[in-house]
Structure formats: structure tokens, C-alpha cells
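Spelled out from the first residue to the last, the chains are:
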Amino acid sequence: MNTFMNLFAIFVVFIQIQISLSQSVQSPPEPNLIQQLCKRNRYQTLCISTLNDDPRSKTSNLKGLASISIDATTKKVNGTLQYYVGVLRTITDRALFEMYGTCIEEYGAAIDRFLPAAVANLKAKKYSETMSNMKVVVAKPVNCDAQFPTTDSPVAARNKVVHDIADMTGDIIKTFVN
Ligand SMILES: *[C@@H]1O[C@H](CO)[C@@H](O)[C@H](O)[C@H]1NC(C)=O
């Protein structure tokens, strides 16, 4: 009886070890395309959230994901451009007017020219040209920042958001360039 109880206890422990082993040895789930694409991105978290935010990403291939990232960048650049245009309307100070005016020109060129070019070049599989377009876009918020004093800049935070999403998209495009 005692021996039986002991054997039973050993058996129970053995089963528990088996269960915990099989759980720990279980392989992690296969990384999906978004995880693959964002794995080496310098803005990994932003990359994953930007792509996941767009429902099209569920059925996209790698090139489709790159296209989604350019679209998200365009949206962010345009939103910030519209905000600066709104601010400009309220400005009476001449120097400040010129600073915002330069930002609007810089952002406007990204919206009118370089982001549409990036979209077209990606579509045509001209990846190094797409990369060049994105490099220009990345520079736009930097150029805007440069207009303002670095302390208490009214544009720094917004420009950083635009810079980071454009730079992140550039990193995505870079994975296509061989
Ligand atoms: C930018 O935003 C404005 C105002 O919301 C909109 O009319 C315009 O179509 C947008 N442009 C792009 C390229 O998204």
C-alpha cells in the first residue's frame, strides 16, 4: 500500500514534468510578414504599429506593406502640413511667419512631389529611386526644425513624429534594395 502510494506520487510528478517539458519545448509561432519586415527596422515598435493599424496589412505581401508605410507617412506629413498652415494664418510676427512659411514649403514639396514619386517608384519596382525619394522626405522635418531655435521649439515634437515615420519607411524600403 505504502509502496503503491509512493509509486503513484512518483508517477504524478513524472507526468507533471512531461507536461511542463512539452510546453517549454513548444516552438514559438512562425513570425508573420510584419514581424519579418520590422525585425531589423531601427523603429521596430513604430514599424509594427504603423503596419498593423492598416487593415490592408492582413492580406498584403512585402511590397504591399511598404506601400502601406508610405501611405501612413503621407498621412502624417499631410496632417502636420495642414497644422502648420493653420498656425500660419494666426501669425502676425514677420520672422515667425517666415519660419512657418519655410516649413510649409518643405512639407508641401514632400506632399506634391517626393511622396507621390516614392509611391510611383515602388509600384515600378524602382527601389533605389524610392529610397532616394524617402531620404528627401526624411530631411523635410529636419529642415523645418532648423528654422527655429532649439530650445522650446514649437515644431520639434511634431517634426520628430514625421521624421521617425519617414525614416522608418526608408528602413522598410532599404530591405528591397540589393
Ligand atoms: C491633405 O489634407 C487635405 C486636408 O485634409 C486634403 O484635402 C488632401 O487631399 C490631403 N492630401 C494628401 C496627399 O493626402
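What counts and how
- The numbers attached to residues start from 1 for each chain and follow its sequence in the written order.
- Local features are withheld for residues below a pLDDT of 70 in this predicted model, meaning they are given only at 70 or higher, and side-chain atom pairs are given and counted only at 80 or more; totals for whole chains, interfaces and linings count all residues.
- In computing side-chain values, all of the structure's heavy atoms are included and hydrogens and water are not.
- UniProt positions are given in the numbering used here, feature names are shortened, and annotations may be inferred rather than shown by experiment.
- Geometry of aromatic contacts follows a simple scheme: Phe, Tyr and Trp rings, the Trp one being its six-membered ring, pair when their centres are within 6.5 Å, and the pair is stacked under 30 degrees between planes, edge-to-face over 60, tilted otherwise.
- Every helix listed is a DSSP run of H or I at least four residues long, and every strand listed is a run of E at least two residues long, numbered separately from the N terminus.
- Here's how the labels work: a residue is buried when its accessible area is under 20% of the maximum for its type, exposed when over 50%, partly exposed in between, all with a 1.4 Å probe on protein chains only.
- Cysteine sulfur atoms that pair up within 2.5 Å are treated as a disulfide.
- Here, a salt bridge means any side-chain nitrogen of Lys or Arg that lies within 4 Å of a carboxyl oxygen of Asp or Glu.

Under an unreviewed UniProt entry, the name given to the chain is Pectinesterase inhibitor, and the organism recorded is Cardamine amara subsp. amara. You can read under Sequence similarities (unreviewed entry) in the UniProt record for the chain the words "Belongs to the PMEI family."

One pass over the structure, following the stated rule, counts five aromatic pairs. A centroid spacing of 5.8 Å and a plane angle of 65° characterise the contact between Y84 and Y100, whose relative ring orientation is edge-to-face. Remark: Y100 occurs in helix α5 (residues 94-123) and Y84 occurs in helix α4 (residues 62-89); sequence separation between them is 16 residues. Judged by its relative accessible area of 0%, Y84 falls in the buried class. Chaining the aromatic ring pairs together yields one cluster made of Y83, Y84, Y100, Y107 and F148.

The next subject is the state of the cysteines. Tallied over the entire structure, the rule returns two disulfides. Between C38 and C47 runs a disulfide, and the two sulfur atoms are separated by 2.0 Å. Taking the sign of the S-S torsion, -75° for the link of C38 and C47, the bridge is left-handed. C47 matches C38 in its accessibility class, with the two residues each being buried. With its sulfur 2.0 Å from that of its partner, C103 forms a disulfide with C144. Handedness here is read from the sign of the S-S torsion; for C103 and C144, about 90°, the answer is right-handed. Taken together, the residues span a long stretch of sequence, with C103 in helix α5 and C144 in helix α6 (residues 127-145) at a distance of 41 residues. In this structure C103 comes out as buried when scored by relative accessible area, which is 0%. With relative accessibility at 0%, the residue C144 sits in the buried group. Each bonded cysteine in the chain gets a number by its place in the sequence, and the pairs come out as 1-2, 3-4.

To continue, consider the pattern of salt bridges. In total, this model carries eight salt bridges according to the counting rule given. One salt bridge connects D54 with R56, and the closest N-O pair in it is separated by 2.7 Å. Taking the relative accessible area as the measure of exposure, R56 reaches 41% and is therefore partly exposed. Here E106 and K140 are joined by a salt bridge, their closest N and O atoms 3.3 Å apart. Remark: K140 occurs in helix α6 and E106 occurs in helix α5; sequence separation between them is 34 residues. On the basis of relative accessibility, which here comes to 18%, the residue E106 falls in the buried class. A single network of salt bridges, built from pairs that share partners, joins R42, D167, D171 and K174.

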